[in-house]
Amino acid sequence: MMNFRIIKDSIITILGTAAAGRFRTVGFQRQTKAAEEVKGNLRLVTVYYSTGYFPKRSGRNTGPVQHDITYRIEFTVSSPAIGNLAIINNPLSTPAEISAAITGIQESAYLADQSIDELFEIVYQILMDGNNIDMQLPIGTIANRWIDSIQKDEPRTRGDLVELTGSSNLTLRTSEQILGDPGTPGANIIDTTLDVKDNIPNIAGTLVDNS
Amino acid sequence: MTNLRVRAANDARKLNVRDWGLLVELIDPDGKKYNTDKITGEPLKSPLLTYDRTRVIPETGEDMIVAEPTVVLSRLSLERIPKAGETWTVRIQESPTSEIMVDYIISPTRAPEGGKSLELIKLFLQRIEQSA
């Protein structure tokens, strides 16, 4: 397996282990995400291999080759408003108490913004932690690990929730070996029979069994 | 003064208290609760309460049902009319067949619509949950 796939799996394992119920991590691009699925601590971190560059150099036609990788990390959160409903709905509450509770309502967009900022912080601190400088792979597997940008998008109303998304790029460098494609496992039998006039079948030809 | 427009507005208000309306409670920013019709004193009801809206998924063109409640009320039924920027809580029936009331706030990002032609006001709701 090429290193870029091994590294991605390792990033997902690191994030998944450190998440501790604060967010979820998936390692592929989803077409759509329902706002309800990313509410509160269900917030979602998506990691996938985005771009890779192989600078051409002399003497590298057979590998190993340098691979400059960008992994895209996407963040999706959603939030309802929150407030002290126990006071607001209590028939014994006075109008002044209810008014104070209404004043204390925090709106969805604010909470979604807080949530995604916290998620940025958690993920950045995990991935840039000195303990993860090698992404828990053998020393020398990767170099130049760096999160070079974080971007937040516009909040969007999704039904009765507010959804907020953001993304960042994790760049690093690795070295790939070119070992050739091993093909697919299975019955590797090559059976050719030469069509020679007056030939008795299976006398001439080749039968190779690689299974 | 009575004319056709006044009659139309009053008819729209009366829809509030007909049997097919759904129960609504409003609480204004001062903590005052409104759950009765201003004129009749009957329970305040919405003649048009929608729970869902059909949206098109842009990537696939498929229709999708999105939970996006809106409440239409007659302005004539209300002692105080919600304004954009104010924080009101709104309680509506959980569903047309359930009288359990669930909580929302008027969306701070979408101003009430409606107008004065029929004295109706449409409120866009946002979900609210209990703080920890």
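Please refer to the structure higher up on the page.
For the structure given in this document, a descriptive report is provided here. The model shown is predicted, which means the values in this text are computed figures rather than measured ones.

Analysis parameters
- Residues numbered from 1 in each chain as written.
- Chains lettered and ligands numbered in written order.
- Predicted model: local features only at pLDDT ≥ 70, side-chain atom pairs only at ≥ 80, totals over all residues.
- Helix = DSSP H or I, 4+ residues; strand = E, 2+ residues; numbered from the N terminus.
- Rg over C-alpha atoms; globule rule 2.2 N^0.38 Å.
- Buried ≥ 20, exposed ≤ 12 C-beta atoms within 10 Å, placed from the backbone.
- Contact = placed C-beta atoms within 7 Å.
- Nonpolar A, V, L, I, M, F, W, Y, C, P; charged D, E, K, R; others polar.
- Pairing = 2+ DSSP bridges.
- Core = buried A, V, L, I, M, F, W, Y, C linked by C-beta atoms within 7 Å.
- Expected span 1.5 Å × (residues − 1).
- Arc of directions from axis to C-beta.

From N to C terminus, chain B includes one helix and nine strands. Along the chain direction, N to C, the helices and strands of chain B fall in the order α-β-β-β-β-β-β-β-β-β. Radius of gyration (C-alpha) of chain B: 16 Å, near the 14 Å computed for a compact globule of 132 residues. Along the longest, intermediate and shortest principal axes, the C-alpha atoms of chain B span 55 × 40 × 30 Å. Buried residues in chain B amount to 33% of all 132 residues. Excluding contacts between residues fewer than 6 apart, the proportion of contacts in chain B whose partners are at least 24 apart in sequence is 52%.

The next thing to look at is the overall build of chain A. Across its full length, chain A carries four helices and nine strands. Looking at chain A alone, contacts between residues at least 24 apart form 61% of all its contacts between residues at least 6 apart.

A few words on the interface of chain A and chain B. Contacts between the two partners involve 24 residues from chain A, matched on the other side by 25 residues from chain B. Of all the elements, helix H3 (residues 95-103) of chain A adds the most residues to the side of chain A that touches chain B, at six residues. For the side of chain A that touches chain B, a count of residues per class yields 13 nonpolar, eight polar and three charged. Two strands pair when backbone bridges link them, and strand S4 (residues 81-83) of chain A and strand S9 (residues 120-130) of chain B are joined in this way by three bridges, in the parallel orientation. Looking at the pairing, alanine 81 of chain A lines up with isoleucine 128 of chain B of S9 of chain B.

This part takes up the environment of threonine 103 of chain A. Residues and elements named next belong to chain A. Within the secondary structure, threonine 103 sits in helix H3. The exposed category is assigned to threonine 103, around which 12 C-beta atoms lie within 10 Å. Placed 20 residues apart in sequence, threonine 103 and glycine 83 show a C-alpha to C-alpha distance of 8.9 Å.

Counting 54 residues, the largest nonpolar core has Val45, Val77 and Ala112 of chain A together with Val24, Val71, Val90 and Ile105 of chain B as its most contacted members. For valine 77 of chain A, the contacting residues outside a window of four places in its chain are Val38, Arg43, Ala112, Ser115, Ile116, Leu119 and Leu164 of chain A.

So, about the pairing of strand S3 (residues 65-79) of chain A. All names here are of chain A. Pairing of strand S2 (residues 44-53) with S3 involves nine bridges; the strand directions are antiparallel. Bridging across to S3, valine 47 finds its partner in isoleucine 73. Relative to strand S7 (residues 161-176), S3 is paired through 15 bridges, and the arrangement is antiparallel. Of the residues in S7, the one forming a bridge with valine 77 is leucine 164.

For the rest of this paragraph, the subject is helix H4 (residues 108-127) of chain A. All names here are of chain A. The end-to-end C-alpha distance of H4, which contains 20 residues, comes to 28 Å, matching closely the 28 Å that a straight helix rising 1.5 Å per residue would cover. Turning to H4, its buried residues number three or more, namely Ser108, Ala109, Leu111, Ala112, Ser115, Ile116, Leu119, Val123 and Leu127. Considered in projection along H4, the buried side chains sweep an arc of 155° and stay on one side of the axis. In this structure, H4 carries Glu121 and Gln125 as exposed residues pointing more than 90 degrees from its buried face.

All names here are of chain A. Of note, the phi angle at alanine 20 is positive, near 50°, even though the residue is not glycine. Alanine 20 sits in the exposed class, given 9 other C-beta atoms within 10 Å. Here asparagine 144, not a glycine, exhibits a phi torsion of approximately 60°, which is positive. Within the element layout of this structure, asparagine 144 appears in strand S5 (residues 142-152). Of the residues examined, asparagine 144 has 10 C-beta atoms within 10 Å and is grouped as exposed.

What follows concerns the pairing of strand S6 (residues 89-95) of chain B. Residue and element names in this part refer to chain B. As paired elements, strand S1 (residues 22-27) and S6 share four bridges and run antiparallel to each other. Bridged to isoleucine 27 within S6 is threonine 89. Of the pairings in the sheet, the one linking S6 to strand S7 (residues 98-106) comprises six bridges and is antiparallel in character. Among the inter-strand pairings, isoleucine 92 is bridged to a residue of S7, identified as valine 102.

Since one α-helical turn is 3.6 residues long, residues separated by three or four positions face the same way. Taken as a whole, H3 of chain A has its buried residues at Ile98, Ser99, Ala101 and Ile102 of chain A. What you see down the axis of H3 of chain A is that its buried residues fit within an arc of 160°, all on one side. Residues of H3 of chain A that are exposed and point over 90 degrees away from its buried face: Ala96 and Thr103 of chain A. Packed against the buried residues of H3 of chain A are S4 and helix H2 (85-88) of chain A together with S1 and S6 of chain B.

Another point: the environment of valine 162 of chain A. All names here are of chain A. Relative to the helices and strands, valine 162 is located in strand S7. Judged by local crowding, valine 162 falls into the buried class, with 27 C-beta atoms found within 10 Å. Each C-alpha atom of the pair valine 162 and leucine 111 lies 9.0 Å from the other, and the pair is 51 residues apart in sequence. Not counting residues up to four positions away in its chain, the partners in contact with valine 162 are Ser78, Ser79, Ser108, Ala109, Ala112, Pro155 and Thr157.

Interpretation note: all reported values are geometric properties and have no functional meaning in isolation.
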